[in-house]
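Below are the chains, spelled out letter by letter.
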Amino acid sequence: MVSLPIPPTPTVSAIYAAYEAAADHGYREHLGASLIGTECERAIWYGFRWTTRAKHAGRLLRLFDTGNLAEARFVADLRRIGVTVLDVDPASGRQWQLRDEGGHFGGSMDAVAIGLPEAPRTWHVCEFKTHSEKSFLSLKRDGVAKAKPQHWAQMQTYMHLAGLDRAFYLAVNKNTDDLYQERLHYDAEAALRIMAKAERVIAANRPPARISDDPAWWQCRFCEHHATCHEGAMPERHCRSCLHASPTNDGAWHCARHNHQLGRRDQEAGCVAHLFIPDFIAGEQEDAGEDWVSYRLRDGTEWRDGVPEAQSQRVIARSPCLTCDGTMFRVAPGKGPHIAELICTACERGGRWLSKADAVTMGVAA
């Protein structure tokens, strides 16, 4: 008997496609507390430097959203039994945002609560998670610290930054709706090690040592940065993959090439003076100039990163773009009485014109 063809699912396909169309590239502005428990510091550094663009299928994106939607139910469950739960910061009316002194490390706390039956007069950091059957059974057997060390490190970070000494972990088995709870104590020594780890990753100008040099190692095989770390793939060109950019102490980034503070849009756009951090190149550096670096690649060919000096001088910093607030502009030929037009590198919108005198003053006259 001939099997029937699988019927088409245009509605489901459209739903998944809608999730994919709405998804961003996954570049997080800060180093997230949810990632600091990752054992491989190189993987954490790659994430902070936006090495790999997120490309998730619509089904997986919907699964992520399921976890987000569950948070409101956790809050409602706790309130139903008389627990006071603050899922937003009363001072801002928004989700709790915690950052370290440098502004680059932290995260968004799910909630804080008081009135838990186990300790009714103690404020707790709350962390809500959804689990698959296998993950949930491991959690019940071994506890958070062993079964989910990233979640444990995340809560230690939040307790440290919030100044609280207790956390409440509430998880659900997505297959059965079975709940699991665990109260955690603040571990000052562990928290300080976590903070030092984050500071070390943020300050690193080059990738830390990888957890294994074997690309088939299990943690490497499942790492989203496998192609860059083990196969020589290069990240996209943006400020965080550029050797000129570095994080500053106020949660921002600075470009040494243009002596300019970089906003989020600037970082995503990059500029023509971009030069890859040398460790991203699968080869040996042979020579360098102010705006270029040459490499001998593994196959013996020579590759030159960078652009001619004359072209790199034609990217400038100026007052914010009227469309997107970006502050980096490339110089294009002008029209009429204008010698040049400035086009925003973030949104590619023009409209800022330079007279010859202005262009000479700014050093971008042809």
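The structure contained in this document is the topic of the report that follows. (Residues numbered from 1 in each chain as written. Predicted model: local features only at pLDDT ≥ 70, side-chain atom pairs only at ≥ 80, totals over all residues. Heavy atoms only, no water.)

**Remarks on the overall build of the chain**
- For the chain, the count of helices and strands is 12 helices and 18 strands.
- Seen through its C-alpha atoms, the chain measures out along the principal axes to roughly 75 × 65 × 45 Å.
- Counting over 366 residues, the chain shows a buried share of 40%.
- Carbon and sulfur atoms form 52% of the exposed surface of the chain, whose accessible area is close to 20000 Å². (Helix = DSSP H or I, 4+ residues; strand = E, 2+ residues; numbered from the N terminus. Buried < 20%, exposed > 50% of the residue type's maximum accessible area, 1.4 Å probe, protein only. Areas by Shrake-Rupley, 256 points an atom, 1.4 Å probe, with all protein chains shown as cover.)

**Quick look at the environment of G283**
- Of note, G283 is situated in strand β12 (residues 283-289).
- The exposure class assigned to G283 is partly exposed, which follows from its relative accessible area of 26%.
- Between the C-alpha atoms of G283 and L297, which are 14 residues apart in sequence, the distance is 4.1 Å.
- When neighbours within four sequence positions are excluded, G283 is seen to be in contact with Y295, R296 and L297. (Contact = heavy atoms within 4.5 Å.)

**Some words on the packing of helix α2 (residues 41-48) against helix α7 (residues 188-203)**
- Relative orientation of the contacting elements α2 and α7 amounts to 55°, with a least axis distance of 9 Å. When the interaxial angle is binned, α2 and α7 end up oblique. As for the relative orientation of α2 and α7, their crossing is right-handed in sense. Each of E41, I44, W45 and F48 in α2 lies in contact with α7, whose residues at this interface are K197, R200, V201 and I202.
- Its residues assigned to classes, the contact of α2 with α7 shows five nonpolar, no polar and three charged. (Axes fitted to C-alpha atoms, helices over the stretch in contact; angles between N-to-C directions. Parallel < 35°, antiparallel > 145°, perpendicular 65-115°, else oblique. Left-handed = near helix turned anticlockwise from the far one by under 90°. Nonpolar A, V, L, I, M, F, W, Y, C, P; charged D, E, K, R; others polar.)

**Things to note about unusual backbone geometry**
- Despite not being glycine, W50 has its phi angle at roughly 55°, a positive value.
- With respect to the helices and strands, the residue W50 is situated in the loop between α2 and α3 (58-80).

**Some words on the sheet that holds strand β7 (residues 166-173)**
- Spatially, five strands are ordered β2-β5-β6-β7-β8 in an open sheet, and the strand pairing comes out mixed. In this open sheet, the two edge strands, each paired with only one partner strand, are β2 (84-86) and β8 (179-185). Between one strand axis and the next, the sheet turns by 30° as a mean value, whatever way the strands run.
- Note: strand β5 (residues 111-114) against strand β6 (residues 124-131), three bridges, orientation antiparallel. Residue pairing for β6: A111 is matched across the bridge by C126.
- Across the sheet, helix α4 (residues 133-142) is in contact with β6, β7 and β8; its angle to β7 comes to roughly 140°.
- Helix-sheet contacts for helix α6 (residues 149-162) involve β6, β7 and β8, and the interaxial angle to β6 is about 160°. (Pairing = 2+ DSSP bridges.)

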